[in-house]
Structure formats: structure tokens, C-alpha cells
Amino acid sequence: MNQRYYSLDVFRGATVALMILVNNPGSWSYAFSPLKHAPWHGCTPTDLVFPFFLFAVGNAMSFVIPRLRTQAGKVFWKKVLKRTILIFLIGLLLNWYPFVQWSNDTLLFKYWINPIKSDSGIRILGVLQRIALCYCFASILVYFFKTKTVVLISIFILLSYWLICILLGDSDPYSLQGWFGTKIDVSILQIAHMYKGEGVPFEPEGIASTFTAVIQVVIGFLVGQYIQTGTKAIEGPMPIYRTVSTLMVTAALLTLGGMTWGLAFPINKKIWTSSYVLYSSGLAITALGVLIWFVEIKGHKNFVTKFFDVFGKNPLFIFVMSALIPKTLSLMRIENGFDETGNPIYTSPLRWFYTEICAKFPGPPEIGSFVYAICFFPYYGLFVT
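Anyway, here's the lowdown on the structure attached to this text. The structure displayed is predicted, hence computed values, not measured ones. (Residues numbered from 1 in each chain as written. Predicted model: local features only at pLDDT ≥ 70, side-chain atom pairs only at ≥ 80, totals over all residues. Heavy atoms only, no water.)

## Observations concerning the pattern of salt bridges
Right, so step 1: In the structure shown here, the tally under the stated rule is eight salt bridges.
Right, so step 2: For Asp105, the salt bridge identified is with Arg333, shortest N-O distance 3.1 Å. Highlighted residues: Asp105 in the loop between strand 1 (100-103) and strand 2 (106-109) and Arg333 in the loop between helix 11 (315-329) and strand 3 (334-338), separated in sequence by 228 residues.
Right, so step 3: The exposed category is assigned to Asp105, whose relative accessible area is 56%.
Right, so step 4: A relative accessible area of 28% places Arg333 in the partly exposed class.
Right, so step 5: With a shortest N-O distance of 2.9 Å, Lys270 and Glu198 are connected by a salt bridge. On the criterion of sequence distance, the pair formed by Lys270 in the loop between helix 8 (238-261) and helix 9 (274-297) and Glu198 in the loop between helix 6 (181-189) and helix 7 (207-232) is long-range, its members being 72 residues apart.
Right, so step 6: Accessibility expressed as a relative area gives 27% for Glu198, which makes it partly exposed.
Right, so step 7: Taken together, the salt bridges that share partners define one network made up of Arg123, Glu203, Glu205 and Lys269. (Salt bridge = Lys/Arg side-chain N within 4 Å of Asp/Glu carboxyl O. Helix = DSSP H or I, 4+ residues; strand = E, 2+ residues; numbered from the N terminus. Buried < 20%, exposed > 50% of the residue type's maximum accessible area, 1.4 Å probe, protein only.)

## A few points about the pairing of strand 2
Right, so step 1: Judged from the four bridges that link them, strand 1 and strand 2 form a sheet pairing that is antiparallel. Within the sheet, the bridge partner assigned to Gln101 lies in strand 2 and is Leu108.
Right, so step 2: As consecutive antiparallel partners, strand 1 and strand 2 are separated by two residues, and within that stretch Asn104 has a phi angle of approximately 60°, a positive value. (Pairing = 2+ DSSP bridges.)

## Considering the packing of aromatic side chains
Right, so step 1: Under the definition given, this model contains 29 aromatic pairs.
Right, so step 2: Aromatic side chains Phe76 and Trp77 sit 5.3 Å apart centroid to centroid with 70° between the ring planes, which places their arrangement in the edge-to-face category.
Right, so step 3: Between the aromatic rings of Trp96 and Phe109, the centroid separation amounts to 6.3 Å while the plane-to-plane angle is 55°, which identifies the pairing as tilted. A residue pair is termed long-range when its members are at least 10 positions apart, and Trp96 in helix 3 (residues 73-96) and Phe109 in strand 2 qualify at 13 residues.
Right, so step 4: The exposure class of Phe109 is partly exposed, given its relative accessible area of 42%.
Right, so step 5: Of the aromatic side chains, those joined through ring pairs into one cluster are Trp40, Tyr161, Trp162, Tyr174, Trp179, Phe180, Phe202, Trp261 and Phe265.
Right, so step 6: Above the plane of the ring of Tyr135 lies Arg83, whose end atom (NZ or CZ) is 5.9 Å from the centre. (Phe/Tyr/Trp six-rings, centres within 6.5 Å; stacked < 30°, edge-to-face > 60°. Lys NZ or Arg CZ within 6 Å of the ring centre and 35° of its normal.)

## Observations concerning the packing of helix 5 (residues 147-168) against helix 9
Right, so step 1: Taken N-terminus to C-terminus, the directions of helix 5 and helix 9 make an angle of 140°; their axes are 8 Å apart at the nearest point. The orientation of helix 5 relative to helix 9 falls into the category oblique. Together, Leu158, Tyr161 and Trp162 of helix 5 and Ser274, Val277 and Leu278 of helix 9 make up the contact between the two elements.
Right, so step 2: Looking at side-chain class alone, the contact of helix 5 with helix 9 contains five nonpolar, one polar and no charged residues. (Axes fitted to C-alpha atoms, helices over the stretch in contact; angles between N-to-C directions. Parallel < 35°, antiparallel > 145°, perpendicular 65-115°, else oblique. Contact = heavy atoms within 4.5 Å. Nonpolar A, V, L, I, M, F, W, Y, C, P; charged D, E, K, R; others polar.)

See below:
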């Protein structure tokens, strides 16, 4: 990537770093409010991490797709399908990993469907799977259609999703029970392979909401494309100033549009509403515009930008390792006292580190949980240094 766009690397890296930070607290019961997802409607800083990453995926695509357009169509399909399948399978295997689990003192294999409890099994979808699908469909859109057509298709998808929610949903179409997408996920994925963190089978990376998430990538692509073409149009310092100004105006319009639409179609990450797409995209463009101003125009490149740049070099690898390492260490057992019947109680190395060190920090328990996350998330950057 051209050094002129170093700010895009920093943006992507900061997004990955924040994703790892919020995904690895010492305890999910003790996390500061900004580091939690909104219970349902609404948007916290944590709810911006995933759409920011999809936006960054689109930014990266804006450098690749033009080159693919100059080659044979089979080159495009080979690259996109190979990457899509690879990322999807990695996500699926991560859901399954470490393939065994402790049951009393025995390691048992984790079956695709639990032979004892038929409504329990390996989750099919997830974060990486959504990234794979969004990357695939967004690539097809921007490769085969002109920019104006892509914009029109994006608007059509966002409006259609809103209409379908109303027509196919229950009396409260935007609620956990009334959202139409769960019925689709149950019929295709089956309950055994769905997320149940909401207390009921509900897939936050479900099939229906993936369509609007695709638009997040498309917007990132269009912004990346504009940054390149806008700054190349005229030599000198003015084009980049004009580019940043246009980005900030666009960001304000999208953010305001999302908030306004949210009065009728609530901003909601878990069902990835159209208003959420506009709102989060507007904030992503704002963050990128600020980075371009400070990094590209003002030339502020220091240890902070370097730190986030490291995370942006190979985000997929870092994200995988941030899940792989804790899951692997969870198989290691450390004796941690005895229960009432005299049987040993076991803990894992990371759980021991949290309970015996981080959790004992003075103040509310959220501090210890945050200290744990801070201790480990910079470590993953070492894998690509």
C-alpha cells in the first residue's frame, strides 16, 4: 500500500486492537459499560468495532479490485472464492476448537451435534463467517457494477430490509422475539448450530442481517476508492484537504441520517438494521477523516500509530490467535482447592491469572477485568512484528 494511505493501516489496526480488547475481558460479568454491547436497541463504542472492521475490509478492497478488473474473470472468482471459503472455514473450526472438552476428569470429543442433547452443537456462523460472506458479496457487487449502480443497489437493500422486517415480523418486528430473521436461521441452520447467548436461539451474525452488513463493506470500498481518485486528480496539497472535507461532510450526513432513520427503524447491531449501517458508517468515516488529517496532513507518526499499524498488518492472523490461545490454554488444568466432598477444583492458567492477580486490584471489579484485557491484547501484536 502506498505510504500516502498509511492512515488506512492505522485505522484497520486500531479496529482490530479494540476488537481484541472488548472480546477478552477478565470476566464478562464485570466490564465497563462502553466495553459492553447494547442489550438490544442502541449503540455503544463496542457496537462500532465490527462495522468499523467491515468498513476497513472495504477500504482494502478498493486497492485490490481495480487490479483484478484488468485480469481475466476467472482470476477474480478464484481469488474471491478461495479467500471466502478459507475465512469461513477458519471461523467454523474456531467455533469447534479445541474439539474436546473436560467432563469431570475425562476429555470428551465435541460432536457436530451433541448426542445427548440434540438442540446443542457446533455453531455454524460467527464473526469470521460474516466477514467472509460480506467480503464475497461486496466484491461481486463492486467488481461487476459501476459505482452509481452499486449505490442504487445498496439503497435498495437497506430499504428492502426495513420493509421485510415490517412485513414478515411479528407485532414488534424489531424485538428479539418478533424479528423475522430468526425463523430463517432456525429453518436453515437448525437450533443446534445457532448462538444461544441471548437465552434463546438467536444468531447475531444470521443470514438475513448479513445482507445489510454487506453494505458496510461496500461503503468502505466507495470511501477508499474516493480517497485514491480524489487525491490523484490534482497535484499539490489541496486535493487531500478537499478529500478530508468531503469525507467529513459525508460522515455527518450518514450519521445524522442513521440517527433520524433510527427513530422509526431502531439502531440495532444484533439485527444489523439499516439505520445502524448508516450511523456506524458515518462514524467510521469520521474516524478515518480524523486519522487522515493527523497522519497524512499533519504528519503525526509516532509510537501510537506504529503500535496500531502492527495490528493492521495481518488482522486475520491476529484475530485467530486471540481466540486460539485462550481456547488452547482452557484445556490446561491447575488445582485450585477442593470442594465440599474433597474433590479437587480446577482452574485454567488464564482464569488463575485473572482471579489471583487482576481481580485483586483495588476498586470496583470492572477495573480488574479491564486490567486483564489490557495485559494480554498487546501480546498478540508480537505475532506480526
